[in-house]
Amino acid sequence: MKSKKVVFITQAAMIAAVYVVLTLVFAPFGFGQVQFRIAEALTILPMFTPAAIPGLFVGCLLGNILAGSILPDIIFGSLATLIGAVGSYLLRKHRYLVPLPPILANILIVPFILRYGYLIILPIPFMMLTVGIGEVVCCGILGIALMFALNKYKHLIFLSF
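Residues numbered from 1 in each chain as written. Predicted model: local features only at pLDDT ≥ 70, side-chain atom pairs only at ≥ 80, totals over all residues. Heavy atoms only, no water.

## Describing the overall build of the protein
Here is step 1 of the chain: The helix and strand tally for the protein stands at seven helices and zero strands.
Here is step 2 of the chain: Going from the N terminus to the C terminus, the protein shows its helices and strands as α-α-α-α-α-α-α.
Here is step 3 of the chain: Within the span of the protein, comprising 161 residues, buried residues form 44% of the whole.
Here is step 4 of the chain: Within the protein, counting contacts between residues at least 6 apart in sequence, those at least 24 apart form 68% of the total. (Helix = DSSP H or I, 4+ residues; strand = E, 2+ residues; numbered from the N terminus. Buried < 20%, exposed > 50% of the residue type's maximum accessible area, 1.4 Å probe, protein only. Contact = heavy atoms within 4.5 Å.)

Here it is in structure tokens:
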């Protein structure tokens, strides 16, 4: 039997890898003022395992680096994902609220990256709306669908810590 530490690290690495792959495969939709980052559906995973927190953070960090993002996006975009993952973990007992922290973290952080990092001259409230729409679709709708799909097999996939 593997130790819990090895399982934790393995789960985190697998989640990071899946996040990176989804980010890169769907890159044309995952960046810009209107972004549908499909990998954000994975932000519900902290409901199942705390290993998802570092996994999502590292996955977002690597995905942003490999996609050619600028340094502020790499740093603050990844921190938005980390904040969202921690919030999702804290709300894990409230299933339908789990997608809310990543949605809010990205709505509050990403528009400032777009404005001051990428110099997109659109009103920040407008970019909050456009980023929010993408987050609601990816974290909310796709994330909840993923949650229901994984919930049926969680005892086979995730080790409880």
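## Here's the deal with unusual backbone geometry
For residues that are not glycine, phi is negative in most cases, and the peptide bond is trans in most cases.
Here is step 1 of the chain: Unusually for a residue other than glycine, Leu119 sits at a positive phi of about 60 degrees.
Here is step 2 of the chain: With respect to the element layout, Leu119 can be found in the loop between helix H5 (100–116) and helix H6 (124–151).
Here is step 3 of the chain: Among the residues examined, Leu119 registers a relative accessible area of 60% and is labelled exposed.

## Quick notes on the UniProt feature "transmembrane region" (unreviewed entry) in the protein
Here is step 1 of the chain: As recorded in UniProt, the sites labelled "transmembrane region" (unreviewed entry) are residues 6–29, 41–68, 74–91, 103–121 and 127–150.
Here is step 2 of the chain: Secondary structure content for residues 6–29 is 96% helix and 0% strand, and the end C-alpha separation is 34 Å.
Here is step 3 of the chain: The annotated region residues 103–121 carries 74% helix and 0% strand content, and the separation between its end C-alpha atoms amounts to 22 Å. (UniProt positions renumbered as here; feature names shortened; annotations may be inferred.)

## Here's the deal with the nonpolar core
Here is step 1 of the chain: Judged by nonpolar contacts, the single largest core of 17 residues is most densely connected at Tyr19, Ile44, Leu45, Phe48, Leu56 and Met147.
Here is step 2 of the chain: Looking at this core, the elements with two or more residues in it are helix H1 (4–25), helix H3 (52–66) and H6.
Here is step 3 of the chain: Ranked by residues supplied to this core, first place goes to H3 with four residues.
Here is step 4 of the chain: Discounting residues that sit within four places of it in the chain, Ile44 has contacts with Val98, Pro99, Cys139, Gly143, Leu146, Met147 and Leu150.
Here is step 5 of the chain: One finds Leu114, Ile120, Ile124 and Met127 within the second-largest nonpolar core, a separate group that totals six residues. (Core = buried A, V, L, I, M, F, W, Y, C linked by side-chain atoms within 4.5 Å.)

## Some words on the side chain of Thr43
Here is step 1 of the chain: Residue placement: Thr43 occurs in the loop between helix H2 (27–30) and H3.
Here is step 2 of the chain: Setting aside residues up to four positions removed in sequence, Thr43 forms contacts with Leu56, Ser88, Val98, Pro102 and Cys139.

## Details of the packing of aromatic side chains
Here is step 1 of the chain: Enumeration according to the criterion identifies two aromatic pairs in this entry.
Here is step 2 of the chain: Aromatic pair Tyr96 and Phe148: ring centres 6.2 Å apart, planes at 50 degrees, arrangement tilted. Here Tyr96, found in the loop between helix H4 (71–90) and H5, pairs with Phe148, found in helix H6; they are 52 residues apart in sequence, far enough to count as distant.
Here is step 3 of the chain: Consider the rings of Phe112 and Tyr116, whose centres lie 6.4 Å apart with planes at 15 degrees: the pair is stacked. Taken together, the residues Phe112 and Tyr116, both in helix H5 and four residues apart, mark about one turn of the helix.
Here is step 4 of the chain: Across the ring face of Tyr89, the terminal group of Arg92 is positioned such that the distance to the ring centre comes to 3.9 Å. (Phe/Tyr/Trp six-rings, centres within 6.5 Å; stacked < 30°, edge-to-face > 60°. Lys NZ or Arg CZ within 6 Å of the ring centre and 35° of its normal.)

## Some thoughts on H5
Here is step 1 of the chain: In a regular helix each residue adds 1.5 Å, so 17 residues correspond to 24 Å; H5 covers 25 Å between its end C-alpha atoms and thus fits that length.
Here is step 2 of the chain: Along H5, the sharpest change in direction is near 30 degrees and occurs at Ile107; proline Pro111 comes one to four residues later.
Here is step 3 of the chain: Within the span of H5, buried status applies to Pro101, Pro102, Ile103, Ala105, Asn106, Ile107, Val110, Pro111, Ile113 and Leu114.
Here is step 4 of the chain: Looking at the buried positions of H5, the neighbouring elements they touch are H4 and H6. (Expected span 1.5 Å × (residues − 1). Bend = angle between axes of the 7 residues up to and from the residue.)

## Examining the environment of His94
Here is step 1 of the chain: Structurally, His94 is set in the loop between H4 and H5.
Here is step 2 of the chain: As for His94 and Met47, which are separated by 47 residues in sequence, their C-alpha atoms are 9.0 Å apart.

## Structural notes on a nonpolar patch on the surface
Here is step 1 of the chain: On the surface, Leu24, Val58, Leu62, Ile65 and Leu66 cluster together into a nonpolar patch covering about 400 Å² of accessible area.
Here is step 2 of the chain: Counting residues per element, the nonpolar patch draws most heavily on H3, which supplies four residues.
Here is step 3 of the chain: Inspection of the secondary structure assignment puts Val58 in helix H3.
Here is step 4 of the chain: Here Val58 falls in the partly exposed class, since its relative accessible area comes to 34%. (Patch = residues over 30% accessible without salt bridge, like charges linked within 9 Å, V, L, I, M, F, W, Y side chains within 5 Å. Areas by Shrake-Rupley, 256 points an atom, 1.4 Å probe, with all protein chains shown as cover. Salt bridge = Lys/Arg side-chain N within 4 Å of Asp/Glu carboxyl O.)

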